[in-house]
Amino acid sequence: MSATASNLAAQTPVKVLVVGAGGMGRAWIGTVLRSADAQLVGVVDVIDGAARSAVQEVVPADLRTGIATGTDTVTVAREAGAEAVIDVTIPAAHHAVTADALHAGFPVLGEKPCAATLAEAVSLAGHAEATGKLFMVSQSRRNNPHLHETRRLADELGGAGIVDTRFYKAPRFGGFRDEMDHPLIVDMAIHAFDAGRVLLDGNPVSVTASSYNPPWSWYAGDAAATVAITYDTGAVHTFSGSWAAPGGETSWNGDWLLSCANGSVSWDGETPPAANPEDGEEIAGRNPAADELWELDASLAGFCAALRGGDVPASEVHGNVWTQAIVEAAVRAADTGRRVDLAEILDEALESARVLDVADGRSQALTAWKTGTSGLTAA
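All of the points below concern the structure found in this document.

**Considerations on the overall build of the protein chain**
Stage number 1. When helices and strands are counted, the protein chain shows 11 helices and 15 strands.
Stage number 2. Taken against the 2.2 N^0.38 rule, which gives 21 Å for 379 residues, the C-alpha radius of gyration of the protein chain at 21 Å falls within 12% of a compact globule.
Stage number 3. Dimensions of the protein chain, computed from the C-alpha atoms along their principal axes, are close to 60 × 45 × 45 Å.
Stage number 4. A total of 379 residues make up the protein chain; the buried ones form 54% of that total.
Stage number 5. When contacts within the protein chain are restricted to residue pairs at least 6 apart in sequence, those whose partners lie at least 24 apart make up 72%.

**Thoughts on the packing of aromatic side chains**
Stage number 1. Per the stated rule, a full pass over the model turns up seven aromatic pairs.
Stage number 2. Consider the rings of Phe-173 and Trp-252, whose centres lie 6.5 Å apart with planes at 50 degrees: the pair is tilted. One end of the pair, Phe-173, is in the loop between strand 7 (160-168) and helix 8 (183-199); the other, Trp-252, is in the loop between strand 10 (236-242) and strand 11 (255-260), with 79 residues separating them in the sequence.
Stage number 3. An aromatic cluster is built from Phe-167, Phe-173, Trp-218, Tyr-219, Trp-243 and Trp-252, whose rings are joined through pairwise contacts.

**Quick look at the sheet that holds strand 6 (residues 135-138)**
Stage number 1. The strand order across the open sheet formed by six strands is 3-2-1-4-5-6, and the pairing between neighbours is parallel. Among the strands making up the open sheet, the edge pair consists of strand 3 (68-70) and strand 6. Between one strand axis and the next, the sheet turns through 25 degrees on average, direction left out of account.
Stage number 2. The sheet contact formed by strand 1 (residues 14-19) and strand 4 (residues 84-87) spans four bridges and is parallel. Across the sheet, residue Leu-17 finds its bridge partner in strand 4, namely Val-85.
Stage number 3. Along the sheet, helix 2 (residues 23-33) contacts strand 1, strand 2 (38-44), strand 4, strand 5 (108-111) and strand 6; its crossing angle with strand 2, the most-contacted strand, is approximately 155 degrees.

**A look at the packing of helix 8 against helix 10 (residues 317-336)**
Stage number 1. Look at helix 8 against helix 10: their axes get within 9 Å of each other, and the N-to-C directions meet at 130 degrees. If you check the angle between helix 8 and helix 10, you find them oblique. Crossing of helix 8 over helix 10 shows right-handed handedness. On helix 10, the residues touching Ile-185, Val-186, Ile-190, Phe-193, Asp-194 and Arg-197 of helix 8 are Gly-319, Asn-320, Trp-322, Thr-323, Ile-326, Val-327, Ala-330 and Val-331.
Stage number 2. In terms of residue class, the contact of helix 8 with helix 10 is made up of nine nonpolar, three polar and two charged.

**Section: the packing of helix 2 against helix 3 (residues 50-58)**
Stage number 1. Put simply, helix 2 and helix 3 touch, their axes get as near as 11 Å, and they point 50 degrees apart. Here helix 2 is positioned oblique relative to helix 3, judged by the angle of their axes. Where helix 2 crosses over helix 3, the two elements pack in a sense that is right-handed. Residues Arg-26, Ile-29, Gly-30 and Leu-33 of helix 2 pack against Ser-53, Ala-54, Glu-57 and Val-58 of helix 3.
Stage number 2. Partitioned by chemical class, the residues of the contact of helix 2 with helix 3 number four nonpolar, two polar and two charged.

**A word on the nonpolar core**
Stage number 1. Formed by 85 residues in total, the largest nonpolar core has its most connected members in Val-122, Phe-135, Phe-193 and Val-227.
Stage number 2. If you tally residues by element for this core, the top one is helix 10, at 11 residues.
Stage number 3. Core analysis: the next-biggest nonpolar cluster, separate from the first, contains 27 residues, Val-16, Ile-29, Ala-38 and Ala-84 among them.

**Concerning helix 7 (residues 145-156)**
Stage number 1. Here helix 7 is 12 residues long and its end C-alpha atoms lie 17 Å apart, about the 16 Å a rise of 1.5 Å per residue gives.
Stage number 2. For helix 7, the complete set of buried residues consists of Pro-145, His-146, Leu-147, Glu-149, Thr-150, Arg-151, Leu-153 and Ala-154.
Stage number 3. Where helix 7 is buried, its residues touch strand 7, helix 8, strand 11, strand 12 (263-267) and strand 13 (274-277).
Stage number 4. For helix 7, the capping residue at the N-terminal end is Asn-144, with a side-chain oxygen 2.9 Å from the backbone nitrogen of His-146.
Stage number 5. Looking at the residues trailing helix 7, positive phi occurs at Gly-158, about 100 degrees.

**Here we look at the pattern of salt bridges**
Stage number 1. The final tally for this structure, using the stated rule, is 18 salt bridges.
Stage number 2. The salt bridge involving Glu-348 is made with Arg-332; its shortest N-O contact spans 2.7 Å. Here the residue Glu-348 occupies a position in helix 11 (residues 342-360), and Arg-332 occupies one in helix 10, the gap between them amounting to 16 residues.
Stage number 3. The class of Glu-348 is partly exposed, set by a relative accessible area of 35%.

**Details of the environment of Val-44**
Stage number 1. Following the sequence through the fold, Val-44 ends up in strand 2.
Stage number 2. Measuring from C-alpha to C-alpha, the distance between Val-44 and Thr-75 comes to 9.8 Å, with 31 residues separating the pair along the chain.
Stage number 3. Residues in contact with Val-44, not counting those within four places in the same chain, are Leu-17, Val-18, Val-19, Gly-20, Ala-21, Ala-51, Gly-70, Thr-71, Asp-72, Thr-73 and Val-76.

**Overview of the pairing of strand 6**
Stage number 1. Across the two faces of strand 6 the burial is the same, with Phe-135 and Val-137 and Met-136 and Ser-138 all buried.
Stage number 2. Note that the unit made of strand 5, helix 6 (residues 118-131) and strand 6 has a crossover that is right-handed.

So, how was this worked out
Residues numbered from 1 in each chain as written. Predicted model: local features only at pLDDT ≥ 70, side-chain atom pairs only at ≥ 80, totals over all residues. Heavy atoms only, no water. Helix = DSSP H or I, 4+ residues; strand = E, 2+ residues; numbered from the N terminus. Rg over C-alpha atoms; globule rule 2.2 N^0.38 Å. Buried < 20%, exposed > 50% of the residue type's maximum accessible area, 1.4 Å probe, protein only. Contact = heavy atoms within 4.5 Å. Phe/Tyr/Trp six-rings, centres within 6.5 Å; stacked < 30°, edge-to-face > 60°. Pairing = 2+ DSSP bridges. Axes fitted to C-alpha atoms, helices over the stretch in contact; angles between N-to-C directions. Parallel < 35°, antiparallel > 145°, perpendicular 65-115°, else oblique. Left-handed = near helix turned anticlockwise from the far one by under 90°. Nonpolar A, V, L, I, M, F, W, Y, C, P; charged D, E, K, R; others polar. Core = buried A, V, L, I, M, F, W, Y, C linked by side-chain atoms within 4.5 Å. Expected span 1.5 Å × (residues − 1). Polar contact = N/O pair within 3.5 Å; in protein donor to acceptor, adjacent residues only side chain to side chain. Salt bridge = Lys/Arg side-chain N within 4 Å of Asp/Glu carboxyl O. Right-handed = clockwise from strand over helix to strand, strands pointing away.

Written as structure tokens, this is what we have:
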């Protein structure tokens, strides 16, 4: 997020309501409090008293006055005079919370994933169209200045044709991740898949994948996977990794190598990347500017800037659907052992989303959508 976009939003801070008072919700409360672009006016959680506790524990005493709390998003948003909603609920609640907020007139910034399923994500794209309100997904790791510097260096070498990501960590989270069928693909590799979309032009068209669980793994599901994503430009993004890999671990962003027509670019996920031209010495990437915003801070600034007349964010729901489609295609490819076309995944999601919307009754936007990957734009 550039300083210019941040300044555009900061001219008039956006009054926001944070929905979800758990650990990630509290992180977002802190993000809003340190932002010049937004003002916290309310916190909501379905557990009675949780929102009030979060305000007491996270918000400094001199800033608590006027911050509304409660259990119902739309009610509290209206009481607080909110202009927008930040949805930090669990994925299973994203569809209901976001759709209700959009139809009540509130733009939404939602935590990843967009929704619990691709069908719900496509449905929310329709709800955003029907209401004319912005729904942006905070795919926060794409807001890493080193990632965008990696793309710049690759473009100088003719553009990346092969992107390779290695990710090896050994976190012992406990809780729901330990019981997931595909914890690595669904909960972590989504970040790498989205970053690959930053590094490559075009749209993904097909996915092959295999997943497995090392004998020493403490996960019930497959904690390791190898995934290959082919783009309509002919470029390929390969991902290999494990969440049960003690020892020589990578960074949380993974280890990256981009093969280009005139050289390669490497990035360790933590420090600035480096370019290795076919003819010439290594070129170190630029360090981020001191005022460069990262991750959650950049997501919030981009959202607020868009509400104040700035550019539509790259992770607006219609764009973010592609990232979720890669995840679902990777899971299906791993489960079936076959190549999965994204057109297949998106066609099925569109059909299911239309069923959801008929039952909901508030949006008919998807009736005008085409099938296949072109279904992400209205006919």
